Amino acid sequence: MRRRALLAAALLPLAARAHEGSARQAGLTAAGQTLLTVWGFQVYRARLWVAPGFQASDYAATPLLLELDYLRAFSGRDIARRSLEEMRRLAPLAPAQAQRWQATLGGLLPDVAAGDRLSGLHRPGQGARFLRADGQPLGEVPDPEFSRLFFGIWLDPRTSEPAMRTELLGPFARSG
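Cut-offs applied
Residues numbered from 1 in each chain as written. Predicted model: local features only at pLDDT ≥ 70, side-chain atom pairs only at ≥ 80, totals over all residues. Heavy atoms only, no water. Helix = DSSP H or I, 4+ residues; strand = E, 2+ residues; numbered from the N terminus. Buried < 20%, exposed > 50% of the residue type's maximum accessible area, 1.4 Å probe, protein only. Contact = heavy atoms within 4.5 Å. Salt bridge = Lys/Arg side-chain N within 4 Å of Asp/Glu carboxyl O. pLDDT = per-residue confidence, 0-100. Pairing = 2+ DSSP bridges. Axes fitted to C-alpha atoms, helices over the stretch in contact; angles between N-to-C directions.

A short note on the side chain of Ser 147
Relative to the assigned elements, Ser 147 resides in helix H4 (residues 144-155). By relative accessible area, which is 0% here, Ser 147 ends up buried. If near-sequence neighbours (up to four positions away) are discounted, Ser 147 is found in contact with His 122, Arg 123, Gly 127 and Ala 128.

Considerations on the pattern of salt bridges
Overall, the coordinates contain 10 salt bridges when judged by the stated rule. With its nearest N and O atoms 2.8 Å apart, the salt bridge here joins Glu 67 to Arg 47. Taken together, the residues span a long stretch of sequence, with Glu 67 in strand E3 (residues 64-70) and Arg 47 in strand E2 (residues 41-50) at a distance of 20 residues. The residues Glu 67 and Arg 47 share a single accessibility class, namely buried. Across the pair Glu 85 and Arg 82 runs a salt bridge, and its minimum N-O distance is 2.9 Å. Of the two residues, Glu 85 and Arg 82 are both situated in helix H2 (residues 76-90); the distance of 3 residues between them amounts to about one turn of the helix. You can call Glu 85 partly exposed: its relative accessible area is 33%. Accessibility expressed as a relative area gives 43% for Arg 82, which makes it partly exposed. Taken together, the shared-partner salt bridges connect Arg 81, Arg 82, Glu 85, Glu 86 and Arg 89 into one network.

A closer look at the confidence of the model for the chain
If pLDDT is low for a region, its predicted coordinates should not be looked at in detail. With 84% of its residues at a pLDDT of at least 70, the chain reaches an overall mean of 86. Across the chain, the secondary-structure element scoring lowest on mean pLDDT is helix H1 (residues 2-11), at 42, and the one scoring highest is H4, at 97. Predicted confidence is poor over residues 1-22, with pLDDT under 50, and the contacts of this stretch with residues over four places away or in other chains come to 39 contacts.

Thoughts on the sheet that holds strand E6 (residues 137-141)
By way of backbone hydrogen bonds, the strands of a sheet pair with one another, either parallel or antiparallel. The strand order E1-E2-E3-E4-E5-E6 describes an open sheet built from 6 strands, whose pairing is antiparallel. The open sheet has two free edges, formed respectively by strand E1 (29-38) and E6, since each of these has just one partner strand. Across the sheet, the mean angle separating the axes of adjacent strands is 15° when strand polarity is ignored. Pairing of E1 with E2 involves 9 bridges; the strand directions are antiparallel. Within E2, the position partnered with Thr 29 by the bridge is Val 50. The sheet strands contacting helix H5 (residues 162-169) are E1, E2 and E3, and the helix crosses E1 at an angle near 155°.

Notes on unusual backbone geometry
The phi angle of most residues is negative, glycine excepted, and most peptide bonds adopt the trans form. The backbone of Trp 39 sits at a positive phi, close to 55°, despite the residue not being glycine. Note that Trp 39 resides in the loop between E1 and E2.

Observations concerning the pairing of E2
Along E2, 7 of the 10 residues are buried, which leaves the element largely enclosed by surrounding structure. Where E1 folds back onto E2 in an antiparallel hairpin, the turn is made up of 2 residues, including Trp 39, whose phi is positive at roughly 55°. Relative to E3, E2 runs antiparallel, the two being bridged by 7 bridges. Across the sheet, residue Arg 45 finds its bridge partner in E3, namely Asp 69.

Given below as structure tokens:
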């Protein structure tokens with residue numbers, strides 16, 4: 001676990017470079033990409049970058065970076081609300097915990113317009129860090145359980161979008 005935490009800490013300053021197409025130099029490997037379409041409307045394009053040793057069956061064990069390129073406008077508060085709904089599909093949350101996480105996410109996620117890109121960096125044992133396209137930090141949620149469930153929206157086998165999960169995982173889909 002300590003080794004994973006050290007790897008995550010080493011990747012943190014390099015995560016912003018993933019926005020500039022140099023994720024491979026940062027030690028991350030492109031896994032897959034997909035397009036989320038709801039009721040015929042394109043919502044965002046997603047790309048997943050993973051650290052060495054990544055296994056889909058234990059996605060939360062290694063650092064990963066998820067990029068979302070928005071194709072429509074949404075408020076940060078709506079993104080936070082929807083994220084918590086999806087996280088609740090994966091695990092029961094105490095009401096107070098859900099409120100804290102939603103308030104935290106709602107406070108750090110900006111409103112987005114078509115063309116905006118946000119990224120989330122999963123840091124095993126530490127939590128999640130969120131970034132703008134230019135690599136500027138939006139904020140952190142220093143809670144490993146939050147991070148596991150948040151990235152589980154896309155990567156947990158119980159996701160509401162299993163085809164999207166398979167596409168994001170790319171060649172790693174066979175490992176879980």
